[in-house]
Amino acid sequence: MNSAFPQESADCANLPKTIALIGKYHSQEIVESVRLLAQYLHERGMTVLIEEETARNVVTQLDLRSWASGSFSWLGAHADMAIVIGGDGTMLNAARQLARYRVPLVGINQGRLGFMTDVSRDEMLTCMDDLLDGKFVAETRMLLDAEILRDERSVAANLALNDVVVDKGAIGRMIEFELFIDGEFIYHLRSDGLIVATSTGSTAYALSANGPILHPQVSAIALVPLCPHALTNRPILVGDRNEIEIRIVHATDSRAHFDGQVTVDLKNGDCVRIRRSEYSICLLHPPGYSYFAMLRQKLHWSERPKEH
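Caption draft 1: Here's a closer look at the side chain of aspartate 270. Within the element layout of this structure, aspartate 270 appears in the loop between β17 (262–265) and β18 (271–285). A polar contact is formed between the side chain of aspartate 270 and the backbone nitrogen of lysine 267, at a distance of 2.8 Å. If we ignore the near neighbours within four places in the chain, the residues touching aspartate 270 are Ile148, Leu149, Arg150, Ile246, Arg247, Ile248 and Asp265.

Caption draft 2: Focus on the packing of aromatic side chains. Per the counting criterion, the structure on display carries two aromatic pairs. Between phenylalanine 180 and phenylalanine 185 the ring centres are 5.6 Å apart and the planes differ by 65°, which places this aromatic pair in the edge-to-face class. Residue placement shows arginine 247 over the ring face of phenylalanine 180; its charged tip is 3.7 Å from the ring centre.

Caption draft 3: The arrangement of the pairing of strand β8 (residues 153–160) in detail. The sheet contact formed by strand β7 (residues 137–150) and β8 spans seven bridges and is antiparallel. Its bridge partner being in β8, leucine 144 is matched across the sheet by alanine 160.

Caption draft 4: Up close: the environment of aspartate 118. In this fold, aspartate 118 is placed in the loop between β5 (105–109) and β6 (119–120). Residues aspartate 118 and histidine 285, spaced 167 residues apart in sequence, show a C-alpha to C-alpha distance of 7.1 Å. Once you skip the residues sitting within four places of it in the chain, aspartate 118 turns out to touch Gly107, Leu284, His285, Pro286 and Tyr289. A distance of 2.5 Å separates the side chain of aspartate 118 from the side chain of histidine 285, its partner in a polar contact.

Caption draft 5: Spotlight on the pattern of salt bridges. Applying the stated criterion to the full structure yields 16 salt bridges. In this structure, arginine 44 and aspartate 133 form a salt bridge, with 3.4 Å as the shortest nitrogen-oxygen distance. Here arginine 44, found in the loop between α1 (31–43) and β2 (47–51), pairs with aspartate 133, found in the loop between α5 (124–132) and β7; they are 89 residues apart in sequence, far enough to count as distant. Overall, the relative accessible area of 34% leaves arginine 44 in the partly exposed class. Overall, aspartate 133 belongs to the partly exposed group, its relative accessible area being 44%. Between glutamate 139 and arginine 141 there is a salt bridge; the shortest N-O distance is 2.9 Å. The exposure classification of glutamate 139 matches that of arginine 141, with both residues buried.

Caption draft 6: View of α1. Under the 1.5 Å per step criterion, the end-to-end length of α1 is 19 Å for 13 residues, consistent within 8% with the ideal 18 Å. For α1, the full list of buried residues reads Val31, Ser33, Val34, Leu37, Ala38, Tyr40 and Leu41. At its buried positions, α1 is contacted by β1 (18–23), β2, α2 (52–58), β4 (81–86), β5 and α5. With its phi angle positive at about 90°, glycine 45 sits one or two positions after the end of α1.

Caption draft 7: Looking closely at the environment of aspartate 163. Within the fold, aspartate 163 resides in strand β9 (residues 163–167). A C-alpha to C-alpha distance of 13 Å links aspartate 163 and alanine 209, two positions 46 residues apart in sequence. Once residues lying within four places of it in the same chain are set aside, the contact partners of aspartate 163 are Ile195, Val196, Ala197, Ala204, Tyr205, His257, Phe258, Asp259 and Gly260.

Caption draft 8: Looking closely at the confidence of the model for the protein chain. The pLDDT averaged across the protein chain works out to 90; a share of 91% of its residues lies at or above 70. In the model, residues 1–10 has pLDDT below 50 throughout and makes 20 contacts with residues more than four positions away in sequence or in other chains.

What counts and what doesn't
Residues numbered from 1 in each chain as written. Predicted model: local features only at pLDDT ≥ 70, side-chain atom pairs only at ≥ 80, totals over all residues. Heavy atoms only, no water. Helix = DSSP H or I, 4+ residues; strand = E, 2+ residues; numbered from the N terminus. Polar contact = N/O pair within 3.5 Å; in protein donor to acceptor, adjacent residues only side chain to side chain. Contact = heavy atoms within 4.5 Å. Phe/Tyr/Trp six-rings, centres within 6.5 Å; stacked < 30°, edge-to-face > 60°. Lys NZ or Arg CZ within 6 Å of the ring centre and 35° of its normal. Pairing = 2+ DSSP bridges. Salt bridge = Lys/Arg side-chain N within 4 Å of Asp/Glu carboxyl O. Buried < 20%, exposed > 50% of the residue type's maximum accessible area, 1.4 Å probe, protein only. Expected span 1.5 Å × (residues − 1). pLDDT = per-residue confidence, 0-100.

This is the structure in structure tokens:
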């Protein structure tokens, strides 16, 4: 079990001097936003850094010679804060890359739902005033640390902010696996797979599989079966100090997915071991942010009927 957990960081929302810009991968939609943000932040006296893939993506349309660019590890070593321009997928990738450097993240939503990128494109520059004046609210989110063991040897490892998913892969046959928590056998299941989600990931894939919505302040991990071949199998919650093991009993093409972005092929006998990571992510929200208001908006709760 992992006994060292991150504490709420008092310097999570310190006023920044160096800000990194990270854009949606290979998207031309971000070009104007990157230009406006870089120029605005520069005029406010900030040092602006641009993630290297983002820079390559927009360099043909912008004169970026004024802004230094580099890898995620370089940004992590130099940036006080990162502004992510895109959707939740862009935020997930940035979170995994920068978690070990404890760089706070701000999300500009140019995607669709945007559960984590909560500043709209239209309000981007207005919100920057509040951000640079220290008015944004800091919120710490836990990550999962996952390791794949084969013949008792580690063959892969990764972080996940949303979820770790073990599924049947491209072939339509169900997989068989055994679930253990802190070494205790829980059940043997035939299904399409299992989602192991954080509170952040409870509004992602787990939600579409009828998993519970977890408030970010709930320190729990959701285990959500995918199409279980047993009507009695339901989502369960375990504590963030529990260690979860998924042992593949029989599968033809099973895989492990980290935030739906990194995939590792599994073999019979493999064990996917999941625990809370020692790293956490600090998200910065604009003044007036409310988690429940965000849910009402994104999930269309209590919408008034349209007048005819």
